[in-house]
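Geometric and topological summary
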Amino acid sequence: MTTPRQRYRRGRLAAAFGGLAAATLAVTLAVPAAAAASTLQAAAAESGRYFGTAIAASRLNDGTYTTIANREFNMITAENEMKMDAMQPSRGQFNWSSGDRIVNWARQNGKQVRGHALAWHSQQPGWMQNMSGSQLRTAMLDHVTQVASYYRGKIYAWDVVNEAFADGSSGARRDSNLQRTGNDWIEAAFRAARAADPGAKLCYNDYNTDNWQHAKTQAVYNMVKDFKARGVPIDCVGFQAHFNSGNPVPSNYHTTLQNFADLGVDVQITELDIEGSGSSQAQQYQGVVQACLSVARCTGITVWGVRDTDSWRASGTPLLFDGSGNKKAAYTSVLNQLNQGGTPVPNPGNPTQPGTTPTPTPTQNPGTGSCTATYSEGQKWNDRFNGTVTIRANTAISGWSSTVTVRQPQRIIATWNGSPTWDSSGNVMTMRPSGSGALAAGQTVSFGFTVQHNGDWTWPTLTCSAS
Ligand code: 9MR
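These lines cover the structure that appears in this document, whether it is placed above or below. Since we're looking at a predicted model, the values are computed, not measured.

Definitions and limits used
Position numbers for residues count from 1 along each chain, tracking the sequence in the order it is written. Reporting of local features is limited, given that this is a predicted model, to residues whose pLDDT is at least 70; pairs of side-chain atoms are given and counted only at 80 or more, and all residues count toward the totals for whole chains, interfaces and linings. For side-chain calculations, the full set of non-hydrogen atoms in the structure is used, while hydrogens and water are omitted. The way it works is that DSSP assigns letters per residue, a run of H or I at least four long becomes a helix, a run of E at least two long becomes a strand, and they are numbered from the N terminus. Any two residues whose heavy atoms approach within 4.5 Å at even a single point are treated as in contact. Any residue with a heavy atom positioned within 4 Å of a molecule or strand is treated as near that molecule or strand. Two N or O atoms count as a polar contact when they lie within 3.5 Å, although within protein this holds only if one can serve as hydrogen donor and the other as acceptor, and sequence-adjacent residues are included solely when both atoms are side-chain atoms. Reported accessibility uses the Shrake-Rupley method at a 1.4 Å probe radius. Residues are deemed covered only where the shown protein chains occlude them. Any residue outside Ala, Val, Leu, Ile, Met, Phe, Trp, Tyr, Cys, Pro, Asp, Glu, Lys and Arg is labelled polar, Gly included; the first ten of those are nonpolar and the last four are charged. Buried means the residue's accessible area, taken with a 1.4 Å probe over protein chains only, is under 20% of the maximum for its type, while exposed means over 50%, and partly exposed covers the values in between. Within this scheme a cavity is a closed region of a 1 Å grid, computed over the protein atoms alone, that accommodates a 1.4 Å probe without allowing it to escape, whereas a pocket is open but has protein on both sides within 12 Å along at least five of seven lines; lining residues each have an atom within 4 Å of a point. Grid points are joined across faces, edges and corners, and a volume is the space filled by probe spheres set on the points.

Take Met140: it is sitting in helix α8 (residues 133-150). Residues Met140 and Ala192 lie 52 residues apart in sequence; the distance between their C-alpha atoms is 9.9 Å. Excluding anything up to four places from it in sequence, Met140 contacts Met84, Ala119, Met128, Leu178, Trp185 and Ala189.

A few words on the site of the ligand. Contacts to the ligand come from 13 residues, most closely from Glu79, Lys83, His116, Gln123 and Glu271. With respect to the ligand, the side chain of Glu271 contributes an N or O atom lying 2.6 Å from a nitrogen atom. Coverage of the ligand by the protein amounts to 75% of the 450 Å² it exposes when considered alone. Partitioning the shell around the ligand into residue classes produces three nonpolar, six polar and four charged.

Moving on to the side chain of Arg137. Note that Arg137 resides in helix α8. Judged by its relative accessible area of 13%, Arg137 is buried. When neighbours within four sequence positions are excluded, Arg137 is seen to be in contact with Thr181, Gly182, Asp184, Trp185 and Ala188.

On to the layout of surface pockets. Computed from the structure, the largest pocket encloses a volume of approximately 960 Å³. Lining the largest pocket are 39 residues; nearest its centre among them are Gln112, Gly153, Arg411, Gln452 and Asn454. Mapped onto the lining of the largest pocket, the elements with two or more residues apiece are α6 (97-108), β3 (112-120) and β14 (411-416). Of all the elements, α6 adds the most residues to the lining of the largest pocket, at three residues. Residues of the lining of the largest pocket, tallied by class, amount to ten nonpolar, 16 polar and 13 charged. Computed from the structure, the second largest pocket encloses a volume of approximately 360 Å³.

Read these as layout, nothing more, since geometry by itself doesn't imply function.
Next up, the structure:
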């Protein structure tokens, strides 16, 4: 199953990342990799994960940017547009426009959204910076409630609280106006967010929490453990993962992610970027992806921007595409690592049991014109399933399009091997070939997708039109 080159890569990685590579080797043997996918989102979807990026609303008019973002990523974080200062510039006056631009762009393109961030010591509007005590506590909780309510049903996960712990060896909370309202401000924010949007996963998000040995990592771990023990509604922990030579990818990254996951939360890499270039940068990216893939509850990875020139630290060239939009070595290493497969999410200890779900009705469209679309079931997880549609040309055709209709509350959250467009409901996807759609009589071609089923396991209905 492995090529000599892949084995070589694993060897190199074992040197760089210690026990990490060995752990993943076992996983790879247990879960045969599916056919290699050609985009990050498609490759990640094969093990049930997402691959995301931060998006800046100001760049949505840049065609190179949106083309790459649309093709490669299926989870979107607003880089700045949903922060407290953007959402509530004046007290009681919410400005949804820039956040909506990002959320609408994501949803119109069939992508999910990570909300960032409801409560944070930084990027507070001026009026909030000057507040303290119970007045600030009330204002913060009101902000959480209003913003999470406004976006209810549209957010996969919220960073409810961001960066609340101090750097260094203290293991203490970060001093801030919010912290000074009382140590329970974080759990109060989580409870308010749960009440406002019960369907969103609620995350604590921070940086410098990657190395298991660090005091800050331990402090966040202890908070999450305490929250789980006391029933504070927390579902996930975000690891920002901003790396550079002074703060490299730790060799114990897998241990950190696994230990948090073992507390009963999902873990996500939320703002990944790694300063550097060439093979050294590529190897570090590969290590991060490998660590996530080997943890069943590591549900996805988000990079903090599209091209190096889009980055908050552009001079460090920390992303997967160069300023012209070309794929870098880091891109290739991430894609290859994703294509090696990983432990499927969610927890393999609680998989979907055959026979416990309603038997779906297979659908086959006889074809309008001269093609036929046939559905075949792919891998299933607790919360999602993969499907493949095979298009068969009954006579020679020069092109085709195929509609895939899912039933609410299902949602298609990833696709591969085709160019999708969506109707306004988001339930009907029209898939067209990425390149030429010409097929000889009897020839077939396939595309695939992931459906988040939200409790409904019905198979999609299909049509095929030839031209
Ligand atoms: O990338 C963001 C940059 O454009 C902003 O100027 C900056 C302001 O705080 O925030 C950056 O994003 C940060 C994220 O919201 C939280 N984690 C650290 C990120 C990089 O600074």
